[in-house]
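Remarks on the overall topology
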Amino acid sequence: MMNNEKDNLLIHPYDSQYSRDNDEPVYEDFISRQEFINRTGIFVTPQYFGMFYDDFMESHMTVDEFLDKIEETYTGEIFEIPLSGTFKYMIMDDDVSCMGQYPDAFPEDLTIWEMMDSLATELYHKCIYSEKRIEEAIGIANDSIRLNEELRDTCKKLQQQRDELLNACKGFVQKMEKFHLVSYNSLNVAPSEPLN
């Protein structure tokens, strides 16, 4: 297991202006994902980190006890890949180059861990953003359905009121025709035209 000395950090603390980590879950009674990676040497994405927290809570161990037994607990799930060679990337590709993520970091100071972390946090941020947009779209769709139902109900009520008004008008016209005929008959005068 790695110690937490500054020289041995796999992932350095983020710059205070860096905002993507604000979306990551923070557990008051556990350690941050970056500290988890630094202390265990196991890279884990923001999405997967919650699984470790759930297991930690079920273990009833202290954080140090849980981390000391991490490789024993997850035997067969942790894989190691020896790294060799040179990793080339474009400095202007912020997702890989970590621009703005680490304070005072120069490209030659970055580790593959930090680049992986940058990619993982960017993916996590996009997932969170997408989930929020999907929830908003579902809300808009539900509002549209509700408004459509309200409009349909209003149209039905207006149609019913129109039918009632037409029936009332027909009744009025029929009464007027009868009145008209009675009036002319009492005068013994033929009406010029019946009312419609």
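The structure displayed is predicted, hence computed values, not measured ones.

Re the overall build of the protein chain
Summing up its helical and strand segments, the protein chain has 6 helices and 0 strands in all. Counting from the amino terminus, the protein chain carries its helices and strands in the arrangement α-α-α-α-α-α. Among the 196 residues that make up the protein chain, the fraction classed as buried is 23%. Of all intrachain contacts in the protein chain linking residues separated by at least 6 positions in sequence, the fraction that spans at least 24 positions is 55%. A total of about 14,500 Å² of accessible surface is found on the protein chain, and carbon and sulfur atoms cover 56% of it.

Focus on helix α1 (residues 33-40)
Among the 8 residues that make up α1, 7 are buried, leaving the element largely enclosed by the rest of the structure. All of the buried residues in α1 are R33, Q34, F36, I37, N38, R39 and T40. Of the residues flanking the end of α1, it is G41, one or two places downstream, whose phi is positive at about 80 degrees.

What about the layout of surface pockets?
By volume, the largest pocket amounts to about 640 Å³. Considering the residues around the largest pocket, the lining is formed by 22 residues, among which G41, I42, F43, F79 and W113 are closest to the centre. Looking at the lining of the largest pocket, the elements that each hand over two or more residues are α2 (46-59) and α6 (112-187).

Let's talk about a nonpolar patch on the surface
Taken together, I81, L83, F87, I112, M116 and L119 make up a surface patch of nonpolar side chains, about 610 Å² in accessible area. Relative to the helices and strands, I81 is located in the loop between α4 (70-73) and α5 (94-97).

With respect to the nonpolar core
Of all hydrophobic cores here, the largest spans 18 residues; its most connected members are F30, F36, F52, F66 and I70. Of all elements in the fold, only α1, α2 and α3 (63-68) reach the threshold of two or more residues within this core. With 4 residues, α2 is the single largest residue contributor to this core.

Here we look at the packing of aromatic side chains
Enumeration according to the criterion identifies 12 aromatic pairs in this entry. Geometrically, the ring pair formed by F52 and Y74 is edge-to-face, given 5.0 Å between the ring centres and 70 degrees between the ring planes. Of this pair, F52 sits in helix α2 while Y74 is found in the loop between α4 and α5, placing the two residues 22 residues apart along the sequence. In this structure, F52 and Y74 share a single accessibility class: buried. Note on F56 and F66: the rings are 5.6 Å apart at their centroids and 75 degrees apart in plane angle, and the pair reads as edge-to-face. Of this pair, F56 sits in helix α2 while F66 is found in helix α3, placing the two residues 10 residues apart along the sequence. With a relative accessible area of 7%, F56 lands in the buried category.

Observations regarding unusual backbone geometry
For H60, which is not glycine, the phi dihedral falls at a positive 55 degrees. Within the secondary structure, H60 sits in the loop between α2 and α3. Given the relative accessible area of 74%, H60 is considered exposed.

Let's talk about the side chain of R33
As for its position among the elements, R33 is in helix α1. Taking relative accessible area as the criterion, R33 reaches 2% and is therefore assigned buried.

Some thoughts on the confidence of the model for the protein chain
Across the protein chain, the average pLDDT comes to 80, with 73% of residues at 70 or higher. Of all secondary-structure elements in the protein chain, the lowest mean pLDDT belongs to α5, at 68, while α3 reaches the highest, 95. A low-confidence stretch, residues 1-5 stays under pLDDT 50, and its non-local contacts, those more than four residues away or across chains, total 16 contacts.

The rules behind these values
- Residues numbered from 1 in each chain as written.
- Predicted model: local features only at pLDDT ≥ 70, side-chain atom pairs only at ≥ 80, totals over all residues.
- Heavy atoms only, no water.
- Helix = DSSP H or I, 4+ residues; strand = E, 2+ residues; numbered from the N terminus.
- Buried < 20%, exposed > 50% of the residue type's maximum accessible area, 1.4 Å probe, protein only.
- Contact = heavy atoms within 4.5 Å.
- Areas by Shrake-Rupley, 256 points an atom, 1.4 Å probe, with all protein chains shown as cover.
- 1 Å grid on protein atoms, 1.4 Å probe; cavity = no way out; pocket = protein on both sides within 12 Å on 5 of 7 lines; lining within 4 Å.
- Points joined across faces, edges and corners; volume = space filled by probe spheres on them.
- Patch = residues over 30% accessible without salt bridge, like charges linked within 9 Å, V, L, I, M, F, W, Y side chains within 5 Å.
- Salt bridge = Lys/Arg side-chain N within 4 Å of Asp/Glu carboxyl O.
- Core = buried A, V, L, I, M, F, W, Y, C linked by side-chain atoms within 4.5 Å.
- Phe/Tyr/Trp six-rings, centres within 6.5 Å; stacked < 30°, edge-to-face > 60°.
- pLDDT = per-residue confidence, 0-100.

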